[in-house]
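Here is what each chain is made of, one letter per residue.
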Amino acid sequence: MNYHSDKWVMDKVETHLEAANVREKNWVSLMAYGSQNYGLDTQNSDVDTRLIVLPSFEDIVLNKKPVSYTKVLPNEEHIDFKDIRLFIDCLKKQNMAYLECIFTPYKMASCEYWNEWQALLNEREAIARYNPYKAVKTMKGIAMEKYHAMEHRYPTKAHLIDTYGYDSKQLMHLLRIKKYLERYIDGVKYVDCLQAPMADYLLKVKEYRYSLGEAKCIAKSALDKIILMADDYCSKTKDEGNEELEDFMNKIVYLIMKKRVVKEMLDV
């Protein structure tokens, strides 16, 4: 269970929208990502969000690069600005870091595009299984990243490596992904896959319950199991998406962007 109340998190989300300083017609949805979505929010957790934005008519005509950047707030929280086309592409790629956003209860949506966005969210379970092969491969890839990052001396993590020999947050997420993958393969609803079934244990792992030697053994065992599960699943599953669902997602992007351009033309 999260340490902070839902109201506390939503208040944070609202301040992010204010900090983003976007006009109503220029954004679609603002969604939290991270610990709150996994039931791993602690007293020290902050809130990070992803803001789905829209290109202007000029951006489209001049074929400008879609927006994708992160704004760091004074309190070190992050707002990830993402063009709607890139966001939908990430959903199609089954990137778990983006899929969690369409399941978070901590979100806001522009009144301008509420109906279209809600239509997308209504299909979120199907979207999360748009291409199960790709979803499982992605989980395996992220798990491998967590494993290798656990002892990597990143500048922002150097003090942890010096003190403990490893970054416990990476180990925690590696163990979380193992359970996440098991539940996904078993057909558990995606919103339940996100929720860590052993949150208390994972938080203790994050608090350096294990020595470096113990952590390395636990991490290696978890990664080996993840690779075994993922490879076995993918050997029996085709790498293909759902064409009907892809058409639906493309249609949502088209309708939202069309409405955005029409509003811009009427404002001229």
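What you are looking at is a predicted structure, and each value in this text was computed from that prediction instead of being measured.

Trainee: Even after reading the chapter, I still don't get the pattern of salt bridges, so can you show me in this structure?
Mentor: Two side chains of opposite charge can pair, provided their charged atoms sit close to one another. All told, the structure shown has 17 salt bridges when counted by the stated rule. Note that Asp 80 is salt-bridged to Arg 50, the shortest N-O span being 2.6 Å. Linking Asp 80 in strand S4 (residues 78-83) with Arg 50 in strand S2 (residues 48-53), this pair joins segments that are 30 residues apart in sequence. In this pair, the class of Asp 80 matches that of Arg 50, namely buried. Ionic pairing is found between Arg 129 and Glu 125, a salt bridge with its closest N-O pair at 3.6 Å. Assessed through its relative accessible area of 24%, Arg 129 is described here as partly exposed.

Trainee: Would you mind showing me how to read the nonpolar core here?
Mentor: Membership of the largest hydrophobic core comes to 67 residues, with the highest contact counts inside it found for Ile 84, Phe 87, Trp 117, Leu 171 and Tyr 190. In terms of residue count, helix H12 (residues 212-235) provides more of this core than any other element does, nine residues in total. Setting aside residues no more than four positions away along its own chain, Tyr 190 makes contact with Met 96, Leu 99, Phe 103, Glu 125, Ala 128, Tyr 180 and Tyr 184. Within the second largest apolar cluster, 14 residues are counted, among which are Val 9, Ala 20, Trp 27 and Leu 30.

Trainee: For this particular structure, what's the right way to read helix H5 (residues 114-121)?
Mentor: Residues spaced three or four apart along an α-helix face the same direction, because each turn holds 3.6 residues. Buried within H5 we find Glu 116, Trp 117, Leu 120 and Leu 121. The buried residues of H5 occupy an angular sector of 140° when projected down its axis, which confines them to one face. Tucked into the core, H5 has its buried residues touching strand S1 (27-33), S2, helix H3 (84-92), strand S5 (107-109), helix H6 (124-128) and helix H13 (243-267).

Trainee: How should I be thinking about the sheet that holds strand S3 (residues 68-72) in this particular structure?
Mentor: Pairing between the strands of a sheet comes from backbone hydrogen bonds, and it takes one of two forms, parallel or antiparallel. With respect to topology, five strands assemble into an open sheet ordered S3-S4-S2-S1-S5, the strand pairing being mixed. Single-partner strands in this sheet number two, and they are S3 and S5. The average undirected angle you get between the axes of adjacent strands in this sheet is 15°.

Trainee: Help me out: how do you make sense of the packing of aromatic side chains in this one?
Mentor: For any pair of aromatic rings, the description rests on two quantities: the centre-to-centre distance and the angle between the ring planes. For the structure on display, the rule yields nine aromatic pairs. With 4.6 Å between their ring centres and 10° between their planes, Tyr 69 and Phe 81 make a pair best called stacked. Here the residue Tyr 69 occupies a position in strand S3, and Phe 81 occupies one in strand S4, the gap between them amounting to twelve residues. Accessibility expressed as a relative area gives 43% for Tyr 69, which makes it partly exposed. In this structure Phe 81 comes out as buried when scored by relative accessible area, which is 4%. An angle of 90° between the planes, with centres 6.1 Å apart, marks the rings of Tyr 184 and Tyr 190 as edge-to-face. What links up through ring pairs into an aromatic cluster is the set Phe 103, Tyr 180, Tyr 184 and Tyr 190. Here Arg 50 stacks its cationic end above the ring of Tyr 98, 4.1 Å away from the centre of that ring.

Trainee: Any chance you could explain the layout of surface pockets here in plain terms?
Mentor: Put simply, the largest pocket is a space of about 1300 Å³. Surrounding the largest pocket, 36 residues form its lining, Gly 34, Asp 48, Lys 146, Lys 169 and His 173 being those nearest its centre. Counting only elements with at least two residues in the lining of the largest pocket, the list comes to S2, helix H4 (96-99), helix H7 (132-149), helix H9 (168-185) and helix H11 (199-206). The leading source of residues in the lining of the largest pocket is H9, at seven residues. Its residues placed into classes, the lining of the largest pocket shows 13 nonpolar, eleven polar and twelve charged. Within this model, the second largest pocket holds a volume of roughly 160 Å³. Taken together, 13 residues make up the lining of the second largest pocket; nearest its centre are Val 53, Leu 54, Pro 55, Asp 59 and Val 67. Tallied by class, the residues present in the lining of the second largest pocket amount to seven nonpolar, one polar and five charged.

Conventions and cut-offs
- Residues numbered from 1 in each chain as written.
- Predicted model: local features only at pLDDT ≥ 70, side-chain atom pairs only at ≥ 80, totals over all residues.
- Heavy atoms only, no water.
- Salt bridge = Lys/Arg side-chain N within 4 Å of Asp/Glu carboxyl O.
- Helix = DSSP H or I, 4+ residues; strand = E, 2+ residues; numbered from the N terminus.
- Buried < 20%, exposed > 50% of the residue type's maximum accessible area, 1.4 Å probe, protein only.
- Core = buried A, V, L, I, M, F, W, Y, C linked by side-chain atoms within 4.5 Å.
- Contact = heavy atoms within 4.5 Å.
- Arc of directions from axis to C-beta.
- Pairing = 2+ DSSP bridges.
- Axes fitted to C-alpha atoms, helices over the stretch in contact; angles between N-to-C directions.
- Phe/Tyr/Trp six-rings, centres within 6.5 Å; stacked < 30°, edge-to-face > 60°.
- Lys NZ or Arg CZ within 6 Å of the ring centre and 35° of its normal.
- 1 Å grid on protein atoms, 1.4 Å probe; cavity = no way out; pocket = protein on both sides within 12 Å on 5 of 7 lines; lining within 4 Å.
- Points joined across faces, edges and corners; volume = space filled by probe spheres on them.
- Nonpolar A, V, L, I, M, F, W, Y, C, P; charged D, E, K, R; others polar.

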